[in-house]
Amino acid sequence: MPVNSPSLLRRVTPGGWAAIAWAAGLVYSFVVLVRLPGESPDNFYRGVLLADGNQVWLALSAVASLAGCALLRRTPLTALGLLLAGTVFGAWAMHSTAIDVPLVLGPDVALWYIAATLPRRKVVLASGLAALVLLGYPIGRVLVGFIIGTSTALAVLLTAAVAVLLGNSAGESRRHAAELSSNAAARAVAGERLRIARELHDMVAHSIGIVALQAGAARLVLTTQPEAARDALGQVETASRETLSGLRRMLVALRAAEDDPSGQPPLTPTPGLADLDRLAASTTAAGVAVDLCWRGERWGLPPELDLAAYRVVQESVANVVRHAGARSCQVTISREEDSVSIEVLDGGGLRATQPGGAGFGLLGMRERVALLHGSFTAGPRPTGGFRVAATLPVPAGAR
């Protein structure tokens, strides 16, 4: 079975990386005390063998450093203090004139982790603690009359500064990624809410227009033509039941999507251009005659285009019923090879001065068409009435 290396690397804790770095630095510090093959005797400094006292300091260095590695995730500042103490004990064990770079690899990992995960106040505190220890060692040696390795001390300070900068950069990148993810989730939620609101508006607006029209007709002929009034009230009942049924289906779909762990809503049939005949029949029965004209193929559109085209016609017809004051409208659907065009014309006069009323019908249609990279126009006709036109491009794969 192949080993998944990235997965194994992710399993190593920050303390584990600090322990690996500390161990590598300690091994290197002892390797340089031995003249390796090929090294010149003139350029080799054998160093000081570990006497009994030095072995004690080395043991203390190991205990402090490993304890710091174990505590790094739980108490990072305490862990950093123990790791820095371990580097000082290691330098004493080797009688070093300065804390060598290999000995601070463990504290550098701790500084990176602190800068990447903790608030800025604690990062400043950790940086100050590291600077105090790394500068305090050579200053202490100077005060007691010992020589120091100034260049080595500066190099150690530089590695610590680089570790803090890299950790801060990693933290900023992670926070930025989390912010982008949060913003994307918020945009997705807002987009879904807008889609649901648009669907509800398109579904309810037409039915409510039919209900209002039939109820007004029933009121006018209630006493003089009881049969006509009864038919109008029947249309009101039918439109109301269809609207309630549609709302119920949408709520069921939304609840099912919440209960579905995959987050995918169930596949439910959505209206399309095939339903225009039924839409025209119900609107005509309500008192506004719809003349439906087809040009080209009637089928074969992608689902999102089919739904958008239907909603544009539905909302346009609903606006005729509610705002135009017209008794008829003409709907033309033209299917070309690379597009589908929709045109809705009415001869009413009211919308010429109040386009779309006070609602969001025209805005919703414009947004829906724009999402599919189409064009949309709506406005009064020079000869009177109102015109709504939309063109939706058909993707090459669906032609």
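Starting from 1, residues in each chain are numbered consecutively following that chain's sequence as written. Owing to the predicted nature of the model, reporting of local features is limited to residues with pLDDT of at least 70; listing and counting of side-chain atom pairs is limited to 80 or more, with chain, interface and lining totals taken over all residues. Side-chain calculation: all heavy atoms of the structure are included, whereas hydrogens and water are not.

A separate point is the overall build of the chain. A count of helices and strands for the chain gives eleven helices and five strands. Taking the intrachain contacts of the chain between residues at least 6 apart in sequence as the baseline, contacts between residues at least 24 apart amount to 69%. Each helix is a run of DSSP H or I of at least 4 residues and each strand a run of E of at least 2, with the numbering of both proceeding from the N terminus. For this analysis, residues touch if any pair of their heavy atoms sits within 4.5 Å.

Okay, the packing of helix 4 (residues 76–93) against helix 5 (residues 105–117) next. The contact between helix 4 and helix 5 brings their axes to 9 Å, and the two run at 160°. For the element pair helix 4 / helix 5, the angle class is roughly antiparallel. With respect to the hand of their crossing, helix 4 and helix 5 are arranged in left-handed fashion. For the pair helix 4 and helix 5, the contacting residues are Pro76, Leu77, Leu80, Leu83, Leu84 and Thr87 in the first and Gly106, Pro107, Ala110, Leu111, Tyr113 and Ile114 in the second. Each residue gets one label: Ala, Val, Leu, Ile, Met, Phe, Trp, Tyr, Cys and Pro are nonpolar, Asp, Glu, Lys and Arg are charged, and the others, such as Gly, are polar. Partitioned by chemical class, the residues of the contact of helix 4 with helix 5 number ten nonpolar, two polar and no charged. Only the stretch in contact is used when fitting a helix axis, every axis being a line fitted to C-alpha atoms; angles between N-to-C directions are given from 0 to 180 degrees. We call two directions roughly parallel when the angle between them is under 35 degrees, roughly antiparallel when it is over 145, roughly perpendicular when it lies between 65 and 115, and oblique otherwise. Put simply, a crossing is left-handed when the front helix is turned counterclockwise from the back one by less than a right angle, and right-handed when it is turned clockwise.

Moving on, we come to the side chain of glutamine 314. On the secondary structure map, glutamine 314 appears in helix 10 (residues 303–324). Each polar contact in these results corresponds to two N or O atoms within 3.5 Å; when the atoms are within protein, one needs to be able to donate a hydrogen and the other to accept it, and residues that are neighboring in sequence are counted only if both atoms are side-chain atoms. A polar side-chain atom of glutamine 314 sits 2.9 Å from a polar atom in the side chain of arginine 311.

Moving on: helix 5. The end-to-end C-alpha distance of helix 5 is 19 Å, a good match for the 18 Å that 13 residues give at a rise of 1.5 Å each. For each residue, the accessible area found with a 1.4 Å probe, counting protein chains only, is set against the maximum for its type, and the residue is called buried under 20%, exposed over 50%, and partly exposed in between. Regarding helix 5, the residues found buried are Gly106, Pro107, Asp108, Ala110, Leu111, Tyr113, Ile114, Ala115 and Ala116. For a helix, the expected span equals 1.5 Å multiplied by the residue count minus one.

Time to look at the nonpolar core. Nonpolar cores were defined as sets of buried Ala, Val, Leu, Ile, Met, Phe, Trp, Tyr and Cys residues, with membership established by side-chain atoms within 4.5 Å. Val313, Val331 and Ile333 are the most contacted members of the largest nonpolar core, which has 37 residues in total. Put simply, the parts of the chain that give this core at least two residues each are helix 7 (150–221), helix 8 (226–259), helix 9 (276–285), helix 10, strand 2 (328–335), strand 3 (339–346), helix 11 (361–371) and strand 5 (386–393). Considering each element in turn, this core owes the most residues, nine residues, to helix 10. In this view, isoleucine 333 contacts Leu273, Leu276, Cys293, Trp294, Arg295, Val313, Val340, Ser341 and Ile342; residues no more than four positions away in its chain are not counted. Counting 27 residues, the second largest nonpolar core, distinct from the first, contains Ile99, Val104, Ala115 and Ala160.

Examined against the element boundaries, threonine 87 turns out to sit in helix 4. Sequence separation between threonine 87 and alanine 64 is 23 residues; the distance between their C-alpha atoms is 8.8 Å. Apart from residues no more than four positions distant in its own chain, threonine 87 is found in contact with Ile99, Leu103, Val104 and Pro107.

Let us look at the confidence of the model for the chain. Per-residue confidence for the chain averages 79 on the pLDDT scale, and 77% of its residues sit at or above 70. pLDDT is a residue-level measure of predictor confidence that goes from 0 to 100. Predicted confidence for residues 1–5 stays below pLDDT 50, and this span has one contact to residues more than four positions away or in other chains.

Bringing the environment of glycine 106 into the picture now. Within the fold, glycine 106 resides in helix 5. Residues glycine 106 and cysteine 69, spaced 37 residues apart in sequence, show a C-alpha to C-alpha distance of 8.0 Å. Leave out the neighbours within four places in its chain, and glycine 106 touches Ala18, Ala21, Trp22 and Leu83.

Quick look at the pairing of strand 2 now. The element strand 2 is largely enclosed, with a buried count of six among its eight residues. The pairing criterion for strands is at least two bridges between them, as found by DSSP. Direction of pairing for strand 1 (residues 289–295) relative to strand 2: parallel, over a ladder of seven bridges. Counterpart to arginine 295 in the pairing with strand 2 is serine 334. Taken together, the seven bridges between strand 2 and strand 3 define a ladder with antiparallel strand orientation. The partner of glutamine 330 across the bridge, within strand 3, is leucine 345.

One side-chain nitrogen of Lys or Arg within 4 Å of one carboxyl oxygen of Asp or Glu is enough to make a salt bridge. The full count for this structure, using the stated rule, is three salt bridges. Linking arginine 120 and glutamate 172 is a salt bridge whose minimum nitrogen-to-oxygen distance equals 3.9 Å. A residue pair is termed long-range when its members are at least 10 positions apart, and arginine 120 in helix 6 (residues 120–143) and glutamate 172 in helix 7 qualify at 52 residues. Classification of arginine 120 by relative accessible area gives exposed; the value is 59%. Relative accessible area serves as the criterion here: at 35%, glutamate 172 is assigned to the partly exposed category. The closest approach of N and O atoms between glutamate 172 and arginine 175, which form a salt bridge, is 3.1 Å. Remark: arginine 175 and glutamate 172 occur in helix 7; sequence separation between them is three residues, near one turn of the helix. Among the ionic contacts, a cluster of salt bridges with common partners joins Arg120, Glu172 and Arg175.

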